[in-house]
Amino acid sequence: MIRRELHLGSRGKSPRQATTSRCFSNSLARRNYDSTLANLKIGNHTRVIFQGFTGRQATANAKESIGWGTNIVGGVRPGFEGEHLGLPVLPTVRKAMHVLKPDATGIYVAAHQATAAIEEAIESEVPLIVAVAEHIPLHDMIRIHAMLKSQTKSRLVGANSPGIISAVGRCRIGFQPLPCFKPGRVGIVARSGTLSYETAASTLRSGLGQSLCIGVGGDILPGTTLRDGLQILVDDPDTEAIALVGELGGEAEVEAADWIKEYRARTEKPKPISAIIGGIVAVPGRIMGHAGAFTLPGEPSAQDKIKALQAVGCAIVNHPSRFGPVLKSMLDGSTLSGRGVGTPFQRGIHTAIKRPSPGTGRGCLEQTRCIYLTQSTSFQLLKQRGLPVIDTNSVPGESRLLAVTLNRSTRSPCVIASSSTDGSSKGPKRFDYDYNVGAEGLDINAIASQLGLDDSNDDLVSLLRTVVTDLITLFAEKEAYLLETHIVAIQKSTPGIGIVPGRIGFDDAAHHSGKRQADIQALRDTSVEDAAELEAEEDGIVYVKLPDSKEKGDIANIGTLVNGAGLAMNTVDALAHAGGRAANFLDTGGKATSETVRKSFEIILKDPRVKCVFVNIFGGLTLGDMIARGIVLAFRDLNMSVPVVVRIRGTNEKEGQQIIAESGLPLFAFDDFDEAATKAIELASAT
């Protein structure tokens, strides 16, 4: 039995302070988490329960899923036993497992309750756990992964996932828009919800349909990876072709490429695979909507991921609407051609992803998921913790990279060391450690060697051990996700070590979802942040201002308004590929409303560079006609003079396009992305 102490909002403890006693059964031959992969094979046989079953969101979702054919057998509500929707409701997951014998659970509770709900499902040995909530505190997820690694019964999809859906087996565990899904030949594995919906719709329009769609989600540490999804899809008899949807952040796409290479080498007739990567145009150091859409030291850029996938024979597309035609051509054995297919993005057009210099004070300031401290605040924080910080202006020698962060590949915390701050010399190399043990099990001599320090000098190694231990303690106690420092060896009569703060980032969800770390939240300095970005944050909108092109001298003059982080990233990328330049990244959220549309217009138009606004909405949960009415009302209420190009696809798309076309306003409605992008670029250039 697990003694659960991870749901700590009322107790005020950090996850590191919680203790866990595990007693999982290990009856499978392969005694590790990988042995749970087969649990992803859902279908009409899958018995599903919902945790949070009687809640408003779960109720609406369950009604729709049951009507579609999903075999929902009941649900759980703590402290309650009875019926809901004519199905049994039980007070615990353990009792539900005994009475209802489910194969899967969908967790429909808020982020502050989700950690305990996931733990309860693991403890009860539910085979498949689907967590849709976003903003679950990162350090809660680190501990959940430690639990998952210790057992062989439960597989997690998510968190921050749209879910998993079998079109062939009529089983939906998640909130995917059902009109996009019909039985067919294409399997989808995706980090982005909105991009996966548009991918599904594209396969439908091409007459292909879908087999199984696995939404691994946009979390920093997802329970299931792109590679995991590929392993299931290549063995799935209903899947004839695969669409892979990746994005900025982590190494999942490169690991998927490595796996595809091995798969193709051992398979006589491998299934065709097409891929897209979002986040090529990004502000260095910023989180682009999704919690995991940022690059840590040593991780590949979005461009690197594209090259890796191309190298193993994947057909790269630059917009999800192209997946259907491309995969159809690949299945038919035709030669791939057309705009935006198989053409790599050029760095001359896009902003390369690279780590800010140690003197960057602003860093990441997007507050929906992270808090980055200014240089001076970081200096004071580390100094108060007793670390040997030195001023950047008095660095006596070459500095080396030393960071405490996450190894997303192993889903473990790690120390990163390199003999240079840009990784150009020795490294960077990761040194994983046990979250519950801390620095105790680390080979400090190996870290010293990687840093280019004299690992035979016991005094120097001892000083380094103290620094590493203190950083790891700070990482856990204050729920950081990146403590980047630059180590300097001080050559005096007695060798010493000094550190210069680099990027120091903390998980904002620990405070907003977990009600912890108020002291860290108080260190946020909003005076150095962009006023428009702060205003957007207050309304739950993610807005990031994008720079002009320094290389080509192009002005970023197209405002973008998009629902969903993945689609927002791709919209910015695809505009650049078409020859335009977006002035901003803006995600209204997966469920945009007329109110958020109006507020988004207000924020976008505060940027004087904007000469045209490009609205790209894929109606899943969001209805196309409702968004169209919101656009028309906002245009009139705000007395807008800037032309607006609107692309509405998905649910109620025809109704939405008709509302735009008949508005009598300078609004231009399209359903094809290329046509819409061309028009937006034309209008922006003409004014």
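Fair warning: this is a prediction, and the values are worked out from it, not measured in the lab.

**Student:** Is there a simple way to think about the overall build of the protein in this case?
**Tutor:** Per the secondary structure count, the protein includes 20 helices and 26 strands. By residue count, 61% of the 687 residues in the protein fall in the buried class. Residue pairs at least 24 apart in sequence account for 73% of intrachain contacts in the protein once pairs closer than 6 positions are excluded.

**Student:** Explain the sheet that holds strand β6 (residues 128-131) here, please?
**Tutor:** Paired through their backbone hydrogen bonds, the strands of a sheet run either parallel or antiparallel. Strand order in this open sheet of seven strands is β3-β4-β2-β1-β5-β6-β7, and the pairing throughout is mixed. Lying at the two open borders of the sheet, with one neighbouring strand each, are β3 (82-84) and β7 (155-157). Between one strand axis and the next, the sheet turns through 30 degrees on average, direction left out of account. As judged from the two bridges shared by strand β2 (residues 72-76) and strand β4 (residues 87-90), these two strands associate in the parallel manner. Bridging from a neighbouring strand, G75 pairs with V89 of β4.

**Student:** It is not clear to me how the packing of helix α6 (residues 226-235) against helix α7 (residues 252-266) should be interpreted in this structure. Could you clarify?
**Tutor:** The packing of two helices is summarised by the inter-axis angle and the distance between the axes. Contact geometry for α6 and α7: axes closest at 8 Å, N-to-C directions at 30 degrees. Here α7 runs roughly parallel to α6, going by the angle between their axes. Mapping the contact onto sequence places L226, R227, L230, Q231 and V234 in α6 and A252, E253, E255, A256, W259, I260 and Y263 in α7. Each residue belonging to the contact of α6 with α7 can be placed in one class, and the counts come to eight nonpolar, one polar and three charged.

**Student:** Would you take a moment to explain the sheet that holds strand β18 (residues 429-432) for this structure?
**Tutor:** Taken in spatial order, the six strands of this open sheet run β15-β20-β19-β16-β17-β18, and their pairing is antiparallel. A single partner strand is all that each edge strand has here, and the edge strands are β15 (370-372) and β18. Going from strand to strand, the sheet's axes swing by 25 degrees on average, the running direction of each strand aside. When β15 meets strand β20 (residues 496-507), the two strands line up antiparallel, connected through three bridges. Note on β20: the bridge partner recorded for Y372 is G505. The strands touched by helix α12 (residues 458-477) are β16 (399-407), β17 (412-418), β19 (480-490) and β20; relative to β16, the strand with the most contacts, the crossing angle is about 40 degrees.

**Student:** In this structure, what is going on with the pattern of salt bridges? I would like to understand it.
**Tutor:** Pairing is possible between side chains that carry opposite charge, provided their charged atoms lie close to one another. A complete count under the given rule lists 32 salt bridges for this structure. Linking E247 and R191 is a salt bridge whose minimum nitrogen-to-oxygen distance equals 3.8 Å. You can see E247 sitting in strand β12 (residues 241-247) and its partner R191 sitting in the loop between β10 (183-190) and α5 (193-205), a full 56 residues away along the chain. Each member of the pair, E247 as well as R191, carries the same accessibility label: buried. The shortest N-O distance in the salt bridge between R598 and E602 comes to 3.3 Å. Linking R598 with E602, this pair stays in helix α17 (residues 594-604), spanning four residues, or about one helical turn. On the basis of relative accessible area, E602 is assigned to the partly exposed category, the value being 24%. Three or more residues joined by partner-sharing salt bridges are found here, namely E535, R598, K599, E602, K606 and D637.

**Student:** Looking at this model, I keep getting lost on α6. Mind explaining?
**Tutor:** It helps to recall that an α-helix has 3.6 residues per turn; residues three or four apart then point in one direction. Burial runs high along α6: seven of the 10 residues are buried. Listed in full, the buried residues belonging to α6 are L226, D228, G229, L230, I232, L233 and V234.

**Student:** How should empty space enclosed by the protein be read in this particular structure?
**Tutor:** Using the criterion set out here, one finds nine cavities of 30 Å³ or more in the structure. Each pocket or cavity is described by its volume, and for the largest cavity that value is around 170 Å³. Taken together, 15 residues line the largest cavity, and the ones lying closest to its centre are I220, P222, E251, A252 and R408. The residue inventory of the lining of the largest cavity, partitioned by class, reads five nonpolar, five polar and five charged.

**Student:** I tried to follow helix α2 (residues 93-100) on my own but got confused; where do I start?
**Tutor:** Turning to α2, its buried residues number three or more, namely V93, A96, M97 and L100. Relative to the axis of α2, the buried residues are bounded by an arc of 105 degrees and lie together on one face. Residues of α2 that are buried sit in contact with β1 (48-51), β2, β4 and α3 (111-123). Positive phi appears at K101, one or two residues downstream of α2, with a value of about 50 degrees.

**Student:** What's the story with the pairing of strand β25 (residues 644-650) in this structure? I'm lost.
**Tutor:** Two faces, one strand: in a regular strand the side chains alternate between the faces of the sheet. By the criterion of burial, β25 is predominantly enclosed, with seven of the seven residues buried. Pairing analysis gives seven bridges linking strand β24 (residues 612-619) to β25, with the strands arranged parallel. Looking across to β25, one finds that I617 is bridged to I648. Across four bridges, the pairing between β25 and strand β26 (residues 667-670) is parallel. Residue V645 lies in a different strand from β26, and its bridge partner there is F668. Crossover handedness for the path β25 to helix α19 (residues 653-661) to β26: right-handed.

**Student:** Sorry if this is basic, but what is going on with the packing of aromatic side chains here?
**Tutor:** According to the stated counting rule, one finds five aromatic pairs in the structure shown. With a centroid separation of 6.1 Å and 85 degrees between ring planes, the pair formed by F50 and F53 is classed as edge-to-face. Owing to a relative accessible area of 0%, F53 belongs among the buried residues under this scheme. Three or more aromatic residues joined by ring pairs make a cluster, and in this case those are F50, F53 and Y108. Taking the ring centre of F80 as reference, the NZ or CZ of R77 above it sits at 4.8 Å.

**Student:** Would you mind going over the pairing of β10 with me for this structure?
**Tutor:** Of all eight residues in β10, six are buried, a share of seventy percent or more. Two elements, β10 and strand β11 (residues 210-215), share five bridges in a ladder whose sense is parallel. Across the sheet, residue P183 finds its bridge partner in β11, namely Q210. Once the chain exits β10 it traverses α5 before rejoining the sheet at β11, and the crossover so formed is right-handed.

What counts and what doesn't
The written sequence of each chain sets the order in which its residues are numbered from 1. Only residues with pLDDT of 70 or above have their local features reported here, since the model is predicted, and side-chain atom pairs are shown and tallied only from 80 upward, although totals for entire chains, interfaces and linings are computed over all residues. Heavy atoms throughout the structure, all of them, feed into the side-chain values; hydrogens and water do not. By definition, any uninterrupted DSSP run of H or I lasting at least four residues is a helix, any uninterrupted run of E lasting at least two residues is a strand, and each is numbered from the N terminus. Buried, partly exposed and exposed residues are distinguished by accessible area as a fraction of the type maximum, computed with a 1.4 Å probe on protein chains only: under 20%, between the cut-offs, and over 50%, respectively. Whether two residues are in contact is decided by their heavy atoms, any of which lying within 4.5 Å being enough. Any two strands are treated as partners once DSSP identifies two or more bridges connecting them. Only the stretch in contact is used when fitting a helix axis, every axis being a line fitted to C-alpha atoms; angles between N-to-C directions are given from 0 to 180 degrees. Roughly parallel means an angle under 35 degrees; roughly antiparallel, over 145; roughly perpendicular, 65 to 115; everything else is oblique. Lys, Arg, Asp and Glu make up the charged group, whereas Ala, Val, Leu, Ile, Met, Phe, Trp, Tyr, Cys and Pro make up the nonpolar group; the residues left over, Gly among them, are polar. The term salt bridge refers to a side-chain nitrogen of Lys or Arg lying within 4 Å of a carboxyl oxygen of Asp or Glu. Points on a 1 Å grid over protein atoms alone make up a cavity when a 1.4 Å probe fits among them but cannot get out, and a pocket when they form an open set with protein on both sides within 12 Å along at least five of seven lines; lining residues each have an atom within 4 Å of a point. Grid points are joined across faces, edges and corners, and a volume is the space filled by probe spheres set on the points. The directions considered for the arc are those from the helix axis to the C-beta atoms. Looking down the strands as they point away from you, a crossover is right-handed if its path from the first strand over the helix to the second goes clockwise. The rule is short: rings of Phe, Tyr and Trp, with Trp giving its six-membered ring, pair when the centres are within 6.5 Å, and they are stacked under 30 degrees, edge-to-face over 60, tilted in between. Comment: the charge-over-ring label is applied if NZ (Lys) or CZ (Arg) is within 6 Å of the ring centre and within 35 degrees of the ring normal.

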